[in-house]
Amino acid sequence: MVSCQPSLSKLATLIFSFALASLSAHAQTQPWKQIPIPPLPAFKPVQPHRVELPNGVVLFLQEDHELPFINGTILIRGGSRDEPNAKLGLTSLYGETWRTSGTATIDGDKLDDVLEAKAASIETSGGSASTSMAWNSLKSDFDTVFASAIDLLLHPTFKADKLQLAKQQLETGIARRNDDAGGIANREAIHIAYGPHNPFSRELEYATVDAVTVDDLNAWHTRTIVGSNLIVALSGDFDSAAMEAKLRAAFAPIPRGQRFPPFKATFTDPKPTVNFVSKDDVNQSNVLIVGLGTERSNPDYYALSVMNQVFSGGFGSRVVQDVRTKLGLAYTVEGNYGASYDHPGIFVVEAATKSATTVAATKALLAEIDRLKTEPPTPAELSKAKDQVLNSFVFHYDSPDKTLSEQVTLAFYGYPADTLEKYKTGIEQVTSADVSRVANKYIDTNKLAIVVVGNESQITPALSTLGLGTVKNLDITIPPPPGGKQPAE
């Protein structure tokens, strides 16, 4: 009998040698690195046609003849941040009841049927800084759908039963707001970052929702639907000159009225505290470190954007690579140095971690914040971060409709029309020294608070070992409905 062992050994050796050779050749060539990556071309988005009517209404028209559709929006100044404390939820109820109630000539349910037959839509909603109306239709149905939208804009009939239905929907949300640990953590972090009385951190309750009346909705409508408050934007398959004539005829009769006053609020940095919410039905902790961010008008916005990408922009970022990948202390890790249009955004770093590693994960996040201030990005980090920021930015505005939406937003907040074009150049000019400078200028660990939502019995060592003083237990009890009513389910 002839042994086959030598042949097998030779075969194994050959396979091993071939594998080594392949790996060596692969390491040397890495063909994907040979693919040329050309620089981004000059960013020149198609600018919409802008018209301002004598009564203050601003029109934006963006032709797009790719498909036979027309989309329209009306942005109306005044939102939830402007609500009185006793009636929080007013604009949300307004946005919902406005559409479902309909007009003096057609109720909301009948309007649903009419629009469905045309595969069209008209929607209204409330936001933090504005309320809005949006509609879309086939080009051939534009005149009739637009007429319905104008009818709803100028002649709404707010109905008590539709308001009550909208209240029930909000009350269901109130009843369930403590179900999810992540939702609790985010909500409480916003409260601490902005302060309990700031318009962006107020919480609607059963009592504030219950206090809103049909008269309140009518009064809000009368106050906000004036020419100086409206920005109208259309995109789609139309001729701009003809469309402008239609819009002038529809909006010119609206009285100019008084423009909604500019937003004003006080923002104070949070204290370096540890804030805890006990949730016994979970076996992990949600950890958030929060502070104030910046505004987009800040000249350092470009450098802060690159800093944000280096620190927490995706899987390759420092905080993800170190806290999640290398240390294995979290299931998910993310962060953002927020920048809003007319008020500070929020700087937040967050992680979801096992109960037993809560303190370790928190310390690791704090260490990464400190490292951002002491270790400037390497050339590779800087180049990668700038490429990621610019590539993401360009794809946000790669269609006429997207560009129009952003131009409307910029106009709403008073930004120059060339803001988008300046962004690319601003990012390209950011240096490693700029990133280090803004990290030290804008991030102060003495102005950051920690929020933890988790199972106290499983968190070992205790949160007090973080060394930031007494741990504050947050009360998230939901106040009951007024008058002995039963909470919504």
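Please refer to the structure higher up on the page.
Definitions and limits used
Residues numbered from 1 in each chain as written. Predicted model: local features only at pLDDT ≥ 70, side-chain atom pairs only at ≥ 80, totals over all residues. Heavy atoms only, no water. Helix = DSSP H or I, 4+ residues; strand = E, 2+ residues; numbered from the N terminus. Buried < 20%, exposed > 50% of the residue type's maximum accessible area, 1.4 Å probe, protein only. Contact = heavy atoms within 4.5 Å. Areas by Shrake-Rupley, 256 points an atom, 1.4 Å probe, with all protein chains shown as cover. Lys, Arg positive; Asp, Glu negative; His and termini not counted. Charge placed at Lys NZ, Arg CZ, Asp CG, Glu CD. Core = buried A, V, L, I, M, F, W, Y, C linked by side-chain atoms within 4.5 Å. Patch = residues over 30% accessible without salt bridge, like charges linked within 9 Å, V, L, I, M, F, W, Y side chains within 5 Å. Salt bridge = Lys/Arg side-chain N within 4 Å of Asp/Glu carboxyl O. Pairing = 2+ DSSP bridges. Axes fitted to C-alpha atoms, helices over the stretch in contact; angles between N-to-C directions.

J.: Help me understand the overall build of the protein in this model?
T.: Helices and strands together make up the secondary structure of the protein, namely 16 helices and 13 strands. When its C-alpha atoms are laid out on the principal axes, the protein stretches across 95 × 60 × 55 Å. Split into buried and exposed, the 489 residues of the protein put 47% on the buried side. Contacts in the protein between residues far apart in sequence, at least 24 positions, make up 81% of those at least 6 positions apart. For the protein, the accessible area works out to roughly 24,100 Å², and carbon and sulfur atoms hold 56% of it. With 44 positive and 54 negative side-chain charges, the protein shows a spacing of 5 Å between the two charge centroids.

J.: For this particular structure, what's the right way to read the nonpolar core?
T.: In terms of nonpolar packing, the biggest core is built from 51 residues, with Met 307 and Leu 365 touching the most fellow members. Per-element tally for this core: the top contributor is helix 10 (residues 301-312), with seven residues. What Leu 365 contacts, discounting residues up to four positions off in sequence, is Val 287, Ile 289, Val 319, Val 323, Val 333, Val 349, Glu 350 and Ala 351. Counting 47 residues, the second largest nonpolar core, distinct from the first, contains Phe 158, Ala 166, Leu 230 and Leu 234.

J.: I keep staring at a nonpolar patch on the surface and nothing clicks. Help me out?
T.: A cluster of nonpolar side chains, Leu 67, Phe 69 and Leu 138, forms an exposed patch at the surface whose accessible area comes to about 250 Å². The topology assignment puts Leu 67 in the loop between strand 2 (58-63) and strand 3 (69-77).

J.: Is there a simple way to explain the pattern of salt bridges in this structure?
T.: Once their charged atoms are close, side chains differing in charge can pair, the charge on each being opposite to the other. Considering all chains together, one arrives at 24 salt bridges under this definition. Across the pair Arg 81 and Asp 342 runs a salt bridge, and its minimum N-O distance is 2.7 Å. Of the two residues, Arg 81 sits in the loop between strand 3 and helix 2 (90-101) while Asp 342 sits in the loop between strand 10 (332-340) and strand 11 (344-354), which places them 261 residues apart along the sequence. Lys 139 is the partner of Asp 237 in a salt bridge, and the nearest nitrogen-oxygen pair spans 3.7 Å.

J.: Could you clarify how one ought to interpret the sheet that holds strand 5 (residues 130-138) in this entry?
T.: Each strand in a sheet pairs with its neighbour through backbone hydrogen bonds, running either in the same direction (parallel) or in the opposite one (antiparallel). With mixed pairing, the six strands of this open sheet are ordered in space as 1-2-6-3-5-4. What marks the edges here is a single partner per strand, and that holds for strand 1 (49-52) and strand 4 (121-126). Taken over all neighbouring pairs, the strand axes of this sheet differ in orientation by 15 degrees on average, direction set aside. Pairing of strand 1 with strand 2 involves four bridges; the strand directions are antiparallel. Residue pairing across strands places Arg 50 opposite Phe 60, the latter belonging to strand 2.

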